[in-house]
Amino acid sequence: MRHRLIVPGAAAAALLLLAAPASAAEPTPGAPGAGDPYYPDYGNGGYDVSHYDLRLTYRPETDELAGTATLLATAEQELSRFNLDFALDVTEVRVNGKRARFGTSGAHELRITPAEPLAEGEKATVVVRYHGTPSEVKVDGFTSWHRTPDGGVAANEPESAWWWFPSNDHPTDKAGYDVSVAVPEGTQALSNGTLQSQRTRAGWTRFNWRSRAPQATYLATLAVGRFDITTSETDSGLPVINAYSEDLGEHEGAARASVERTAELTEWLEGYFGSYPFDALGGYVPNTDTTFALETQTRPFYSPDDFADGSNTSVVVHEMAHQWYGDSVSVEGWKDIWLNEGFARYAQWLWSEDQGEGTAQELADYAYASHPADDAFWKVAPGDPGPDNQFHRAVYDRGAMALQALRNRIGDKDFFALLKGWPKAHRGGNAEVGDFVAYAEKVSGKPLAGLFDTWLYQPSKPAAHASAFTTGRTPERPRSWKQIHTGDHPRR
C-alpha cells in the first residue's frame, strides 16, 4: 500500500476539505407530479423518458391485458426513487437489470426504488411487468378504457395511459414508441404510427407498431377488435391506415365517407399549416358508446356518434389539424389548451369557408352574437380556463374567435404566415400561450398583448369593434355550424 506524505500545512488544508460539504448532491426522490397546477399528480419529476417499448397480450373475451413495458429514461437529478403513473397490477420491476422495490401511492402512482440510486445524467432501463382488466379499474370513479363488443380501446384526454402502460404522464415528456400486441387470430390490434410487421402463430397474431416522432402519453392509443382495415398512400408516399369496427351498423357508410378522405383533407391542411409532421396518417372508428373524437397521434379516434347525422369531414379536419397544433407542438401545461382546441376549431372554420358553408368571419359573427354579455360562456378564459372548463365550448369557439380577431387586426398575409410558421418553429416540442403571443408580435410587428388579453383572459364579452365582428341581431346560422360542433368532448 502506498502512503502519501502530508506536511503540516497540507494536513491543515486537508482537514478543512474534509469539513467542507460534498459537492455532489445526495440522491433524493423524484417529485410525484410534473408540477402542472391543473393536475398536480400527473406526470413525475426527476427523469425524462426517451422511448417506450410495450410488449402486450390481450384477450378480448375477458378484457385481460398483460404486458412488459421497457422505458428508456435519463435521470435529471441524483435519484433515489421515482414514480410512474399507472393503475394496473404490477408483478415485477427492474432498473438497469436489477430487481427494484416498488409500491403504490395515491390514486395512480407506481413508486420505484432502484437497487442503486441513479446519478444525474445516467441513462436507465426500467422494465415493468404487469397485468389487469382495464375496464374494471377505476381511478377517481372513471376509466379511460372503453370496452367494445369485440375488445377494448384506450383513448381519452388528459389521461389514458394508466390503463395500459406505465408512463410519465404529462405532455412535456414526449418519447418514441414501439407497441407490440398479441391478440387472438382474426382480431386486429391498432396503435399509432407505422405497422412494422404482423405475424400469426398458434392461434395468435402479433402486430408491431412504431411511432418515431416525439409523442405525448395521452396521444398514444390502443384498439383491439375486429376491424376492416383499408390501406393506401398519400401522393408523397406516406402510409394511410384507416380502420372501422365490423359492427358499426348504420353509421358505417357515413364513417367511411368521412375518414377515407383523411389524406385529401391532410393535404388541404398542409396549405395552411405546412408539411405534415409525421410519417403516417389515418383514423379509426371502433364500436364504442363514446361521443367524442380525439387526436391520437397519426391515427385519430372517432366515435360512431360523430357520424350519426351522415358524413362529417369537419370532425376529420379538426382532429387532423391537431396533428400540427397539439401533437407535433404540444402544450407546456394543460392551461395552454387553447393552443390545441382554438386552432383546430379555426381549421374547421377555414374548411367551412372552403366548402361555401359559411366563412370564418360569418362563423365568428354567429358565435359572438349567440352569447349575450351576461352568458356564462364569457366567464371562461380560453387562455387559462381551469381544469373544470378545460374542454368548455368557450375554449373552442371563443378561442377561434380570438384567432379571427387576430386575423382582422394583422391581415391575411401575416395571419397565414403565423399559422404555417408556428408549427415549424416548435415542431416536436412544447409551447405555452405566451410563446404564441410573442411569435405573433414578431411576425406582424404589432403589439398584440391587449388583443390576446381581451379575447383569452378577460371574463367578459369583448366589444365588437375590437374585432370587426357584427353587432345587433343574431346573424343567420351558417350551414356548417351543427357539423362543426359534432365530436366536441366532454371526455368522461
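Bear in mind the structure is a predicted one, so any value in this text is a computation, not a measurement.

## Quick notes on the overall build of the chain
A tally of helices and strands in the chain yields 11 helices and 21 strands. Here the chain holds 492 residues, and 57% of them are scored as buried. For the chain, the share of sequence-separated contacts (at least 6 apart) that also reach a separation of at least 24 residues comes to 70%. Total accessible area on the chain stands at roughly 20,100 Å², and carbon and sulfur atoms take up 49% of it. If you average the places of the 44 positive and of the 66 negative side-chain charges in the chain, the two averages end up 5 Å apart.

## Notes on helix α2 (residues 252-259)
Every buried residue of α2 is listed here: Ala 254, Ala 255, Ser 258 and Val 259. All buried residues of α2 project into a common sector of 115 degrees when viewed along the axis, lining one side. Here the buried face of α2 lies against β18 (239-245), α3 (262-273), β19 (281-285) and α4 (313-321).

## Here we look at the packing of helix α5 (residues 338-354) against helix α6 (residues 360-370)
The contact between α5 and α6 brings their axes to 8 Å, and the two run at 125 degrees. One element, α5, and the other, α6, form an angle in the oblique class. Between α5 and α6, the residues in contact are Tyr 346, Trp 349, Ser 352 and Glu 353 and Ala 360, Gln 361, Leu 363 and Ala 364, respectively. Looking at the contact of α5 with α6, its residues break down into 5 nonpolar, 2 polar and 1 charged.

## Focus on the environment of Glu 260
Among the structural elements, Glu 260 can be located in the loop between α2 and α3. Classification of Glu 260 as partly exposed rests on a relative accessible area of 38%. Taking the C-alpha atoms as reference points, Glu 260 and Val 316, 56 residues apart in sequence, are found 9.7 Å from one another.

## Some thoughts on the environment of Arg 479
Examined against the element boundaries, Arg 479 turns out to sit in the loop between α10 (449-456) and α11 (481-484). Sequence spacing of Arg 479 and Gly 356 is 123 residues, and the spatial spacing of their C-alpha atoms is 8.9 Å. When near neighbours in sequence (up to four residues on either side) are disregarded, Arg 479 contacts Gly 356 and Glu 357.

## What about the environment of Arg 201?
Along the chain, Arg 201 turns up in strand β14 (residues 194-201). The exposed category is assigned to Arg 201, whose relative accessible area is 72%. Residues Arg 201 and Glu 61 lie 140 residues apart in sequence; the distance between their C-alpha atoms is 19 Å.

## A word on the sheet that holds strand β13 (residues 188-190)
Strand order in this open sheet of 4 strands is β10-β11-β16-β13, and the pairing throughout is antiparallel. Two strands close off the open sheet at either side, each with one partner strand: β10 (145-148) and β13. Between one strand and the next, the sheet's axes are offset by a mean angle of 15 degrees, whatever the strand orientation. Here strand β11 (residues 151-154) runs beside strand β16 (residues 222-225); their pairing, made up of 3 bridges, is antiparallel. Looking at the pairing, Val 153 lines up with Ala 223 of β16.

## Here we look at the confidence of the model for the chain
Averaged over every residue, the pLDDT of the chain is 93; the share at 70 or more is 93%. A low-confidence stretch, residues 1-23 stays under pLDDT 50, and its non-local contacts, those more than four residues away or across chains, total 1 contact.

## Description of the sheet that holds strand β3 (residues 64-75)
Strand order in this open sheet of 8 strands is β6-β5-β9-β3-β2-β12-β15-β14, and the pairing throughout is mixed. Each edge of the open sheet carries a strand with a single partner, namely β6 (98-99) and β14.

## Points about unusual backbone geometry
With an omega of 10 degrees, the peptide bond between Glu 157 and Pro 158 qualifies as cis. Looking at the element boundaries, Pro 158 is found in the loop between β11 and β12 (175-184). Notably, Ala 202 is not glycine yet its phi reads approximately 55 degrees, a positive angle. Here Ala 202 falls in the exposed class, since its relative accessible area comes to 76%. Unlike most non-glycine residues, Thr 298 shows phi in positive territory, near 70 degrees.

## Focus: the packing of α3 against α5
One can describe the packing of α3 onto α5 by two numbers: an axis separation of 12 Å at closest approach and a directional angle of 110 degrees. Here α5 runs roughly perpendicular to α3, going by the angle between their axes. In contact with Leu 265, Trp 268, Leu 269, Tyr 272 and Phe 273 of α3, α5 contributes Ala 347, Leu 350, Trp 351 and Asp 354. For the contact of α3 with α5, the class distribution of residues is 8 nonpolar, no polar and 1 charged.

Parameters at a glance
Residues numbered from 1 in each chain as written. Predicted model: local features only at pLDDT ≥ 70, side-chain atom pairs only at ≥ 80, totals over all residues. Heavy atoms only, no water. Helix = DSSP H or I, 4+ residues; strand = E, 2+ residues; numbered from the N terminus. Buried < 20%, exposed > 50% of the residue type's maximum accessible area, 1.4 Å probe, protein only. Contact = heavy atoms within 4.5 Å. Areas by Shrake-Rupley, 256 points an atom, 1.4 Å probe, with all protein chains shown as cover. Lys, Arg positive; Asp, Glu negative; His and termini not counted. Charge placed at Lys NZ, Arg CZ, Asp CG, Glu CD. Arc of directions from axis to C-beta. Axes fitted to C-alpha atoms, helices over the stretch in contact; angles between N-to-C directions. Parallel < 35°, antiparallel > 145°, perpendicular 65-115°, else oblique. Nonpolar A, V, L, I, M, F, W, Y, C, P; charged D, E, K, R; others polar. Pairing = 2+ DSSP bridges. pLDDT = per-residue confidence, 0-100.

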